[in-house]
Amino acid sequence: MPTIEQKTARGAAWLAIFQFCGQIVSWAATVIVARILVPGDYGLMEMATILTGYAFIFNELGLGHAIIQSPTVTREKLSSVFWFSVMLSLFFALFALAAAYPTALIFNEPKVIPLTQTTSILFIFSGLQIVPQSMLRKEMKFRTVGYIDMISVLVSCMSMIVIAKLGGGVWTLIGGHVIRNFTRLALLYSATRWRPMFSFDFHEAKQFIQFGILVALGRSLFYVHEKSDRFFAGRAWPAQSLGIYSFALQLAVIPTEKIVPIINQVSYSAFAALQHEKERFNELYLNISKVTATLVFPIFIGGFLVGEDLIRILLTEQWYPMIPLFRYLCLAQIFVAIAAVNGFVHTAQGRPGNNLVFNIVLAVFMPVSFYFA
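Attention here is on the structure that accompanies the text.

## Comments concerning a nonpolar patch on the surface
Right, on to step 1. On the surface, Val357, Ile360, Val361, Val364 and Phe365 cluster together into a nonpolar patch covering about 460 Å² of accessible area.
Right, on to step 2. Structurally, Val364 can be placed in helix H17 (residues 352-372).
Right, on to step 3. A residue is classified by how much of its surface remains accessible, and Val364, at 46% relative accessible area, is partly exposed.

## Concerning unusual backbone geometry
Right, on to step 1. A positive phi is found at Asn108, a non-glycine position, where the angle reads about 55 degrees.
Right, on to step 2. Its place among the elements puts Asn108 in the loop between helix H5 (75-107) and helix H6 (112-118).

## Side note on the pattern of salt bridges
Right, on to step 1. On inspection of all chains with the given rule, the structure shows seven salt bridges.
Right, on to step 2. Its salt-bridge partner being Asp149, residue Arg184 comes within 3.5 Å of it at the nearest N-O pair. In this pair, Arg184 sits in helix H9 (residues 171-191) while Asp149 sits in helix H8 (residues 142-165), placing the two residues 35 residues apart along the sequence. In terms of burial, Arg184 and Asp149 fall into one category: buried.
Right, on to step 3. The salt bridge involving Glu277 is made with Arg280; its shortest N-O contact spans 2.8 Å.
Right, on to step 4. When salt bridges with common partners are traced through the structure, they connect Glu46, Lys227, Asp229 and Arg230 into a single cluster.

## Details of the side chain of Thr116
Right, on to step 1. By the secondary structure assignment, Thr116 is in helix H6.
Right, on to step 2. Classification of Thr116 by relative accessible area gives buried; the value is 0%.
Right, on to step 3. Setting aside residues no more than four positions away along its own chain, Thr116 makes contact with Ala48, Thr52, Ala96, Ala99, Ala100 and Thr103.

## Remarks on the packing of aromatic side chains
Right, on to step 1. Enumeration over the complete set of coordinates arrives at 16 aromatic pairs.
Right, on to step 2. Ring geometry for Phe92 and Phe95: centres 6.3 Å apart, planes at 80 degrees, overall edge-to-face. Remark: Phe95 and Phe92 occur in helix H5; sequence separation between them is three residues, near one turn of the helix.
Right, on to step 3. Owing to a relative accessible area of 33%, Phe95 belongs among the partly exposed residues under this scheme.
Right, on to step 4. Ring centres 5.8 Å apart and planes at 50 degrees place the aromatic pair Phe125 and Phe182 in the tilted group. Placement of the pair is Phe125 in helix H7 (residues 120-138) and Phe182 in helix H9, with a sequence separation of 57 residues.
Right, on to step 5. On the basis of relative accessibility, which here comes to 14%, the residue Phe125 falls in the buried class.
Right, on to step 6. Among the aromatic residues, ring-to-ring pairing joins Phe107, Phe231, Phe232, Tyr371 and Phe372 into one connected group.

Definitions and limits used
- Residues numbered from 1 in each chain as written.
- Predicted model: local features only at pLDDT ≥ 70, side-chain atom pairs only at ≥ 80, totals over all residues.
- Heavy atoms only, no water.
- Patch = residues over 30% accessible without salt bridge, like charges linked within 9 Å, V, L, I, M, F, W, Y side chains within 5 Å.
- Areas by Shrake-Rupley, 256 points an atom, 1.4 Å probe, with all protein chains shown as cover.
- Salt bridge = Lys/Arg side-chain N within 4 Å of Asp/Glu carboxyl O.
- Helix = DSSP H or I, 4+ residues; strand = E, 2+ residues; numbered from the N terminus.
- Buried < 20%, exposed > 50% of the residue type's maximum accessible area, 1.4 Å probe, protein only.
- Contact = heavy atoms within 4.5 Å.
- Phe/Tyr/Trp six-rings, centres within 6.5 Å; stacked < 30°, edge-to-face > 60°.

Here it is in structure tokens:
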């Protein structure tokens, strides 16, 4: 019978293969779409999702992490968690409909109202995915998870190119998210045999909610400091300038968002399984850190060195002002990528409060820094 470490390595390999195939298409689609859209479209997208993006963290409420971390789960408990997540997602879907108006007021941009309201669909799709997706990861079925992610990305990217060529503008970006989440939802339920019971008991879900709230609070504070640059930029700059900055950041974080999560979502399941075996846990942590550094350091340094040539070759002249931004954001992402696993380590050991304290410090100091900058 394979050990946890062997399952981790095997799961990471399968997930990496599927993610690599999907990301080749994703990167190509990103370039094609960027050549069709204008910077203002990306700026509008940032404005439209700034408030709902924060709410999206609480829509999941850390329940997925709680399911994976829990040593034992039953069908009754999972069903109660499922119905709780459905009710929560409906609440936040209504919140998105209402949040469109203060969003437009904050940025003085009425165009964001229908965009923000459309994100309500994403809340519902997300709530329905939490339990089946978490069970696949808890059981370390990363081959299935990787396949679902790859197909979702392929369908979404092809759809975005079509929408962009038809003149969809900023709706290309929000439409891509909707299509991707719908595809993933359909594939998850076709891949897993789990179905919820028609019963709800709050006490069955309580332990998952209590654990998940701490995870969600930590993630929400991380979101505050992570998005504070674009929040203040959106208030101070026109949509075109914000679009240039946000797209430079979108390109710079590709390794952090596409490679590092593969490692971390596999390692989190392994960390949770080894949470009571200190030596094996520590050894796994060091190995994960080494693998992350080996994979992303050359990419970020390469982005800094050849970023100007890369952008001039792939993109049109309207994007050239982002060249210095992209190069230095690549260097900044080195620190982000190598530290990303630490939150998963604390959570897997049943100590989400540690991660919460760390994010409180960031949420206090980073927005103040961006405000004065």
